[in-house]
Amino acid sequence: MLLTRFFLPVLKENPKEAEIISHIYMLRAGMIQQSASGIYSWLPLGKIILEKVTDICRQEMIKAGANEILMPTLQPAEIWKESGRYEDYGKEMLRINDRNNRDLLYGPTNEELVTEIFRTHVKSYKELPLNLFHIQWKFRDEVRPRFGVMRGREFLMKDAYSFDMNYNSSIKSYNIMFIAYMQLFKKMGLKAIPMRAETGPIGGDLSHEFIIIAETGESEVFVERELLNYESSVTKINYNEDLQEEVNRFTSFYAATKEKHEESNFHNEDNILIKTRGIEVGHIFHFGQKYSLPMRATISDKEGNKIPVFMGSYGVGLSRLVGAIIEANHDHKGIIWPKEITPWDYNIINLKSGDNDCDNICLNLYNLMKANGLEVLYDDTDERTGAKLARADLIGLPYQIIIGPKGIKDQLYDLKSRKSGDISRLSYNELINFVQTNK
Ligand code: P5A
């Protein structure tokens, strides 16, 4: 991508309204623009990152056996009246009245709508287990929208819903999602810690939040020190096997959100309990028949008995994740994208656009790298060196290749690692060698 052809409206100053680093950098790096309180437009850089995060999540859901659907943002009030949540949800729900005076709402979540789809089509245990997921914007009229996309009013969620014929099978489905969450956060370069959590307005008997430890996080959490250092990799996952043991590996540690925390439940005397803060990037719920009973979503079992289906729901805050990834990966100069998320691996910076030699070298390199399948952003603008370098650090691609008249004279070019700040001076061939072995 040529930077002159890319809409990247960076800001030089820290915006006054932003309090935390991810919000500041998302505004400064031209990723988002506020439209109304807690509601944002996603500009090209932001949109690319949001797509990356979404895609990692989607791929893991598909691997775990879930089917992707797409439900609308607007829902009829009737199904929420059936489940009993229409009144319960209170002021957080945005209620809309259409021209025919029908009550609609902008979905804050989709348990009711997916149950309505399920009960229309699925009648027999033979069709179970089933997991349906979608990726859709939600609206919650939060009392205090803040921290940019972290606590928005409109936000993007991946929400999955499992359907099973009995409790045991339903727990298996819960475990599959639990492990899929561990995998997908790891694939985003994040260490998410599963914690016992309250079920709130979604309901149910079993729930875990997935928390990224961060000072700026809104959730107060209590974690056994061991778990903070624990390698979160779940190796060689087979979603067809019973995953209870894998889940136990994580849940055997003490980790709870403030609402669930009870000091007396922490037994490990050799270890230390740490009180810290974190960002909730995912939340999973097992609620059995909470919706299927009132909404009459029944299935017939082997004997022909009609049983309300057992359900769970599983949410990932995709737009919040973009902020969380920045909270976990930045320095005082800007964002440092992890390789799993970065929009481009290399940032070629032409320090003297308009100079024939500089232009030729940069363009040759850019074309060669692209032809080799590398992801490259080429800063071909004619701005000042200082502004270019500061912007490159702000937008945080893993490697910068900095080319100016001095380098051309010496035939040595600067390769800078954004993370370490280390600069190597390489010949053209060494540079080509490096990028080809670092694909
Ligand atoms: C699970 C899926 C649910 O809504 N129903 C469907 C269940 N859970 S949840 O915990 O309420 O939300 C799931 C995730 O969405 C993110 N999230 C938000 N992100 C940005 N701004 C908000 N206001 C917001 N509210 C929730 C969180 O990551 C949460 O874990």
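On a predicted model such as this, the values are computed, not experimentally measured, just so you know.

**A short note on the overall build of the protein chain**
Helix and strand content of the protein chain: 13 helices and 23 strands. Rg of the C-alpha trace for the protein chain: 25 Å, near the compact-globule value of 22 Å for 439 residues, within the 12% margin. Counting only C-alpha atoms and orienting by the principal axes, one finds that the protein chain spans roughly 85 × 65 × 40 Å. Each of the 439 residues in the protein chain was classed as buried or not, and the buried ones make up 55%. Within the structure as shown, the protein chain displays about 20400 Å² of accessible surface, and the carbon and sulfur contribution to it stands at 48%. Both charge centroids of the protein chain, one from 55 positive and one from 61 negative side chains, sit 3 Å from each other.

**Re the site of the ligand**
Close to the ligand lie 23 residues, the nearest being Thr-109, Glu-111, Arg-140, Gly-152 and Glu-280. A distance of 2.8 Å separates an oxygen atom of the ligand from a polar side-chain atom of Arg-140. Interatomic distance of 2.5 Å between a side-chain N/O atom of Glu-280 and an oxygen atom of the ligand. Protein contact buries 95% of the 600 Å² of open area that the ligand shows by itself. Among the elements of the structure, strand 8 (154–164), strand 13 (273–288) and strand 16 (310–317) are those that each provide at least two residues to the shell around the ligand.

**Some remarks on the packing of aromatic side chains**
This model, assessed by the stated rule, comprises 15 aromatic pairs. Ring geometry for Phe-185 and Phe-210: centres 5.9 Å apart, planes at 40 degrees, overall tilted. Of this pair, Phe-185 sits in helix 6 (residues 167–187) while Phe-210 sits in strand 10 (residues 206–213), placing them 25 residues apart in sequence. The pair formed by Phe-185 and Phe-210 is uniform in burial state, with each residue classed as buried. Ring centres of Phe-287 and Tyr-291 lie 4.9 Å apart, and the angle between their planes is 75 degrees; on these two criteria the pair is classed as edge-to-face. By relative accessible area, Phe-287 is classed as buried at 5%. Of the aromatic side chains, those joined through ring pairs into one cluster are Phe-178, Tyr-181, Phe-185, Phe-210 and Phe-250. Just above the ring of Tyr-86 sits the side chain of Arg-95; from NZ or CZ to the centre is 4.6 Å.

**Brief notes about the nonpolar core**
Membership of the largest hydrophobic core comes to 72 residues, with the highest contact counts inside it found for Met-31, Phe-185 and Met-188. No other element matches helix 6, which puts 11 residues into this core. Residues within four places of Phe-185 in sequence aside, it is in contact with Leu-190, Ala-192, Phe-210, Val-281, Gly-282, Val-316 and Leu-321. With 26 residues, the next largest nonpolar core counts Met-71, Trp-80, Leu-105 and Leu-113 among its residues.

**Some words on the packing of helix 6 against helix 8 (residues 244–251)**
Running from N to C, helix 6 and helix 8 point in directions that differ by 60 degrees, and their axes come no closer than 9 Å. As summarised for this structure, helix 6 and helix 8 are arranged oblique, according to the angle between their axes. Where helix 6 crosses over helix 8, the two elements pack in a sense that is left-handed. Contacts between helix 6 and helix 8 involve Ile-171, Asn-175, Phe-178, Ile-179 and Met-182 from the former and Gln-244, Glu-246, Val-247, Phe-250 and Thr-251 from the latter.

**Overview of helix 9 (residues 318–328)**
For an α-helix, the turn length of 3.6 residues means that residues three or four places apart are oriented alike. For helix 9, a buried count of 10 out of 11 residues is recorded, marking the element as mostly surrounded by other parts of the structure. Taken residue by residue, helix 9 has Leu-318, Ser-319, Arg-320, Leu-321, Val-322, Gly-323, Ala-324, Ile-325, Ile-326 and Glu-327 as its buried positions.

**Topic: the sheet that holds strand 21 (residues 399–403)**
Ordered in space as 20-19-21-22-23, the five strands form an open sheet in which the pairing is mixed. Edge strands, defined here as strands with exactly one partner in the open sheet, are strand 20 (376–379) and strand 23 (423–426). On average, each strand axis in the sheet is inclined to that of its neighbour by 20 degrees, with strand direction left out of account. Here four bridges tie strand 19 (residues 346–350) to strand 20, and the two strands are oriented parallel to one another. Counted as the bridge partner of Tyr-346 is Val-376 from strand 20. Its contacts with the sheet place helix 10 (residues 356–371) against strand 19, strand 20, strand 21 and strand 22 (413–417), and it is angled at close to 165 degrees to strand 19.

**Some details on the pairing of strand 13**
In regular strands, side chains alternate between the two faces of the sheet. Within strand 13, 13 of the 16 residues are buried, which leaves the element mostly enclosed by the surrounding structure. Pairing between strand 10 and strand 13: eight bridges, direction antiparallel. Across the sheet, the residue bridging to Ser-207 is Phe-285, located in strand 13. Strand direction decides the pairing type here: strand 11 (residues 219–224) and strand 13, joined by six bridges, are antiparallel. If you follow Glu-220 over to strand 13, its bridge partner there is Arg-277. As judged from the six bridges shared by strand 13 and strand 16, these two strands associate in the antiparallel manner. Within strand 16, the position partnered with Gly-288 by the bridge is Met-311.

What counts and how
Every chain is numbered on its own, with residues counted from 1 as its sequence reads. pLDDT decides what is reported in this predicted model: residues at 70 or higher carry local features, side-chain atom pairs at 80 or more are listed and counted, and totals for whole chains, interfaces and linings draw on all residues regardless. Only hydrogens and water are set aside when side-chain values are computed; all heavy atoms of the structure are taken into account. Numbering of helices and strands runs from the N terminus, with a helix taken as a DSSP run of H or I at least four residues long and a strand as a DSSP run of E at least two residues long. Radius of gyration: over C-alpha atoms. The globule rule applied is 2.2 Å multiplied by the number of residues raised to the 0.38 power. We call a residue buried when its accessible area falls under 20% of the maximum for its residue type, exposed when it is over 50%, and partly exposed in between, using a 1.4 Å probe and counting protein chains only. Here, Shrake-Rupley sampling with a 1.4 Å probe gives the accessible areas, and only protein chains in the shown set may cover a residue. Lys and Arg are tallied as positive, Asp and Glu as negative. Neither His nor the chain termini are counted. Where a charge sits is defined by one atom per residue type, namely NZ (Lys), CZ (Arg), CG (Asp) or CD (Glu). Nearness of a residue to a molecule or strand requires only that one of the residue's heavy atoms be within 4 Å of it. Polar contact criterion, stated in full: a pair of N or O atoms within 3.5 Å, where within protein one must be able to donate a hydrogen and the other to accept it, and residues adjacent in sequence count only if both atoms are side-chain atoms. Pairing of aromatic side chains requires ring centres within 6.5 Å, counting the rings of Phe and Tyr and the six-membered ring of Trp. Pairs whose planes differ by under 30 degrees are stacked, by over 60 edge-to-face, and all others tilted. Whether a charge lies above a ring is judged from NZ of Lys or CZ of Arg, which has to be within 6 Å of the ring centre and within 35 degrees of the ring normal. What makes a nonpolar core is a set of buried Ala, Val, Leu, Ile, Met, Phe, Trp, Tyr and Cys residues whose side-chain atoms join them at distances within 4.5 Å. In this description, contact between two residues means that some pair of their heavy atoms is separated by no more than 4.5 Å. Every angle, taken between N-to-C directions, lies between 0 and 180 degrees, and every axis is a line fitted to C-alpha atoms, over only the stretch in contact when it is a helix. An angle counts as roughly parallel when it lies under 35 degrees, as roughly antiparallel when it exceeds 145, as roughly perpendicular when it falls between 65 and 115, and as oblique in every other case. If you view the pair so one helix is near and one far, a crossing is left-handed when the near helix is turned anticlockwise from the far one by less than a right angle, and right-handed when it is turned clockwise. Following DSSP output, two strands are said to pair if at least two bridges run between them.

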